[in-house]
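Structural overview for review
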Amino acid sequence: MEFLTIIQVLDSTLRLSTPLLLACLAGLFSERAGIFDIGLEGKMLLAAMFSAAIAFASGNVWVGMLAGIGASLALSLVHGLASITFRGNQLISGVAINFLASGITVLVAQSWFGQGGRTPTLQGAARFEPVHLPGALTRIRDIADANPLMQVYSELISGHTIIVYISLLLVPLSWWVLFQTRFGLRLRAVGENPAAVDTAGISVVRLRYMSVLICGVLCGIAGAYLATALQAQFVKEMTAGRGFIALAALIFAKWKPWNALYACLLFGLLQAIAVRFQNIQIGEVTIPVQLMEALPYILTVVILAGFIGKAIPPRAGGEPYVKER
Amino acid sequence: MDKMPKWADAILVPLISLLLAAILSALVILAIGEDPRAAFKLMVDGALMRSAGWGYTLYYATNFIFTGLAVSVAFHARMFNIGGEGQAMLGGLGVALACLFIPWPHWTLALLGSATLAALFGAAWAFIPAYLQAKRGSHVVITTIMFNYIAFSVLGYILVNVLRPPGAGDPASVRFPEATNLPTFQDMFSTTANPMFRSAPANVTFFLALAACVFVYYLIWRTRLGYEIRHFGHSQTAALYAGTSGVRITVIAMLISGALAGLMAVNTTQGEAERLILNSTEGAGFIGIAVALMGRNHPFGVLLAALLFGFLYQGGAELALWTNIPSQLIIVIQALVILFTGALDNMVRMPLEKLFLALRKNKEAL
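Read on for an overview of the structure. (Residues numbered from 1 in each chain as written. Chains lettered and ligands numbered in written order. Predicted model: local features only at pLDDT ≥ 70, side-chain atom pairs only at ≥ 80, totals over all residues. Heavy atoms only, no water.)

**Overview of the side chain of Thr269 of chain B**
The following threshold applies: Helix and strand assignments come from DSSP, with helices taken as H or I runs of at least 4 residues and strands as E runs of at least 2, each series counted from the N terminus. Relative accessible area decides the class of each residue, using a 1.4 Å probe on protein chains only: under 20% of the type maximum gives buried, over 50% gives exposed, and in between gives partly exposed.
Tracing the sequence through the fold places Thr269 of chain B in helix H11 (residues 246-273). On the basis of relative accessible area, Thr269 of chain B is assigned to the buried category, the value being 0%.

Shown next, in the form of structure tokens:
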């Protein structure tokens, strides 16, 4: 295989990992605080639709992204209301949110644009353009002729949208917030032993709402990235299970930020390979594309089964907190 | 002391939830500039006022009875089986293998064979998540979600590489032999003078679904195993102390759940499509969640809720046909039903409990 081909696959790995990483970090904040969230998919989907629609209407991608974050936050509040205030089943709430988003996006997009549940194609300032780092080559022919180091710089490191770089920066930031600040300590404590946090005079409800809202913001960015950076419009069901792959990555990463980056890069690589090569021929054996698609899920089940190191979720995850009376 | 009488818990709470979902859906229809009353009338006309409409309503209801029962059996053991979709996909594979590779002399025998294989395949697909939950403590919700996606890939691989006839474009098997085709309601109830259920897909599988309701009722409330499942669901520690094996109950409850979800494929694959296609489940596995929650995990409740969702799906298809409202409206309604009956249950329940307590106090004061 040619060197440039490898670089190109890695380049698309980075692009495909970004929404996974954002959603995975979103789930990290929520689940570390003890709120299971299987509604990542729905929040991303709704954010994708609203960011594309508002970006088209306003002609400004940043306004679009804000709208997407707002939509995602609305669903976060529903999830918070169900699982924190009314102490309902967090998993069922997540399922409901996924369906709500899946239905509403098509209804609204159809009613606004009448194009069978998609938004018009975004152009110019209505979408995120690639950022070219100083000195990087931009034409494919120039890159092909350049030396390997320049190829890596121009193809892999330069030329991504701003969100890709932001999402990478969010990894150390999340680590710092969760493991180096008082807020992070409390947030993690509330996911392990909420009663202890409550005894210390800190509001469990407030902390959990904050974590759920952080989750909403990150899912909103992830959705906006899908519709305004990775692609240039919203299409029906465009998240295509990414919310669940992110959930899988979160388990794979054992609820840790740096591990989340590695897990998302791995799952992104699998997607990039599946997109580029379809069936892979290795000697006599053909690896079918379906195996590449299913591999993130299979790996997660194996990890969950505890055969390769055990994944232990936050102890109070999924349980509503009832103050003793 | 119970805060609420039983009838209020079983009937009032779901009805209020349904009402809330209906009001919000009406607002959604208003928001996209359509008339909710006209939409409702169109749905009723299309789904319930003609025998062909009923033929579709009952066809969808058949799917939802199976998946609703599947979710509710797992719920009784306090497990949330989101894997109905994948289990039904594998059930479809079982149906296809039974119909394609065994020369059945008559549809009755074919139905018996395909239903057995569908249940076996569905149960097998539920076995690994069940075993991992029971033995290794991996959360069954996450593993069944993962298994849905794996099932899709497995089915895709088998359809593209094994069952697809050479030269065909779309990933689907060949048509099943004539002898395996199930009688539809049209075949059963139409006379030349009075044609009924014209070209509607409802078929004999509906009666199999009714039988499954009766079976689940007896299983859960009239057998020792059912007692153990409910006991385990109410209090794991008490059940373990009483000598029930947690591993056994977890695995058996999930196997029954998977088998019921797998049986759904008899209706879609053998009853309607008469060949195996990639997306024959069409989300019915997930609708089972709404049906089980709405039906309060009781087979009779599941039957009613399945009929309601059957009506919604057929009505939604009519809406998409005659108005500008996409059929995705039904997904919104379904989401709202799951939200109100499942996650926001306490929001409906708490004020009601207060109301009943206040009423009782008044009575005692008199």
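Read on, since the account is not over.
**Here's the deal with the nonpolar core**
This is how the line gets drawn: As used in this record, nonpolar core signifies buried Ala, Val, Leu, Ile, Met, Phe, Trp, Tyr and Cys residues forming a set joined through side-chain atoms within 4.5 Å. Contacts are assigned to residue pairs that have any heavy atoms within 4.5 Å of one another.
Ile38 of chain A together with Phe64, Phe80, Phe309 and Ile338 of chain B are the most contacted members of the largest nonpolar core, which has 214 residues in total. When residues no more than four places from it in sequence are discounted, the contact partners of Phe309 of chain B are Phe64, Ile287, Ala290, Val291, Gln334 and Val337 of chain B. Core analysis: the next-biggest nonpolar cluster, separate from the first, contains 6 residues, Met4, Ala8, Val13 and Leu352 of chain B among them.

**Here we look at the packing of helix H1 (residues 6-31) of chain B against helix H15 (residues 345-365) of chain B**
Residue and element names in this part refer to chain B. As a reminder of what qualifies: For every element, the axis is a line fit to its C-alpha atoms; helices are fit only across the contacting stretch, and the angle between N-to-C directions ranges from 0 to 180 degrees. Any angle between 65 and 115 degrees counts as roughly perpendicular, while under 35 counts as roughly parallel, over 145 as roughly antiparallel, and the rest as oblique. Handedness of a crossing follows from how the near helix is turned relative to the far one, being left-handed for an anticlockwise turn of less than a right angle and right-handed for a clockwise one.
Close contact between H1 and H15 brings their axes to 10 Å; oriented N to C, the two are set at 130°. As judged from the angle between their axes, H1 and H15 are oblique. In this structure, H1 crosses over H15, and the sense of that crossing is right-handed. Between H1, through Trp7, Ala8, Asp9, Leu12, Val13, Ile16, Ser17 and Leu20, and H15, the contact on the second element is made entirely by Asp345, Val348, Arg349, Leu352 and Phe356.

**Digging into the pattern of salt bridges**
If the charged atoms of two oppositely charged side chains come close together, the side chains can form a pair. Residues and elements named next belong to chain A. Let me state the cut-off plainly: Basic side-chain nitrogens of Lys or Arg form a salt bridge, by our definition, when they fall within 4 Å of a carboxyl oxygen of Asp or Glu.
Considering all chains together, one arrives at 9 salt bridges over all chains under this definition. One salt bridge in this structure joins Asp11 and Arg15, with 3.0 Å as the shortest N-O distance. Of the two residues, Asp11 and Arg15 are both situated in helix H1 (residues 3-32); the distance of 4 residues between them amounts to about one turn of the helix. Note on Asp11: relative accessible area 7%, which makes it buried.

**A look at the packing of helix H2 (residues 40-58) of chain A against helix H4 (residues 90-113) of chain A**
All names here are of chain A. To be explicit about the condition: Each residue gets one of three labels, nonpolar for Ala, Val, Leu, Ile, Met, Phe, Trp, Tyr, Cys and Pro, charged for Asp, Glu, Lys and Arg, and polar for the others, Gly among them.
Between H2 and H4, the least distance of the axes is 7 Å, while the angle of their chain directions is 15°. Considered as vectors, H2 and H4 are oriented roughly parallel to each other. H4 is crossed by H2, and the crossing has left-handed handedness. Across from Leu40, Glu41, Gly42, Lys43, Leu45, Leu46, Met49, Phe50, Ala53 and Phe56 in H2, the residues of H4 making contact are Ile97, Asn98, Ala101, Ser102, Ile104, Thr105, Val108, Ala109, Trp112 and Phe113. Per-class residue counts for the contact of H2 with H4 are 14 nonpolar, 4 polar and 2 charged.

**Side note on the interface of chain B and chain A**
A common measure of how large an interface is: the accessible area buried when the components associate. To keep things clear, this is the line we draw: Two parts placed together each lose some accessible area under a 1.4 Å probe, and the buried area is that loss summed for both. Here a polar contact means two N or O atoms within 3.5 Å. Within protein one must be a hydrogen donor candidate and the other an acceptor candidate, and residues neighboring in sequence count only if both atoms are side-chain atoms.
Counting residues at the interface gives 43 residues for chain B, matched by 42 residues for chain A. For the pair chain B and chain A, the summed buried surface comes to about 3,600 Å²; carbon and sulfur atoms form 81% of the total. It is Arg136, Met146 and Tyr149 of chain B that lose the most area in chain B upon contact with chain A, and together they represent 17% of the buried surface on that side. Across the chain B-chain A interface, the total number found is 0 salt bridges. Across the chain B-chain A interface, the total number found is 2 residue pairs in polar contact (both at pLDDT 80 or more). Residue classes in the side of chain B that touches chain A are distributed as 31 nonpolar, 11 polar and 1 charged.

**Section: the environment of Thr161 of chain A**
Residue and element names in this part refer to chain A. Inspection of the secondary structure puts Thr161 in the loop between helix H6 (148-157) and helix H7 (162-180). A relative accessible area of 8% places Thr161 in the buried class. Not counting residues within four places of it along the chain, the set of residues in contact with Thr161 comprises Phe128, Glu129, Pro130, Val131, Tyr225 and Ala229.

**Brief notes about unusual backbone geometry**
The phi angle of most residues is negative, glycine excepted, and most peptide bonds adopt the trans form. The phi dihedral of Lys254 of chain A is positive, around 55°, even though this residue is not glycine. Mapping Lys254 of chain A onto the fold places it in the loop between helix H11 (242-252) and helix H12 (257-277). Of the residues examined, Lys254 of chain A reaches a relative accessible area of 28% and is grouped as partly exposed. For Arg296 of chain B, which is not a glycine, the phi torsion comes out positive at approximately 55°.

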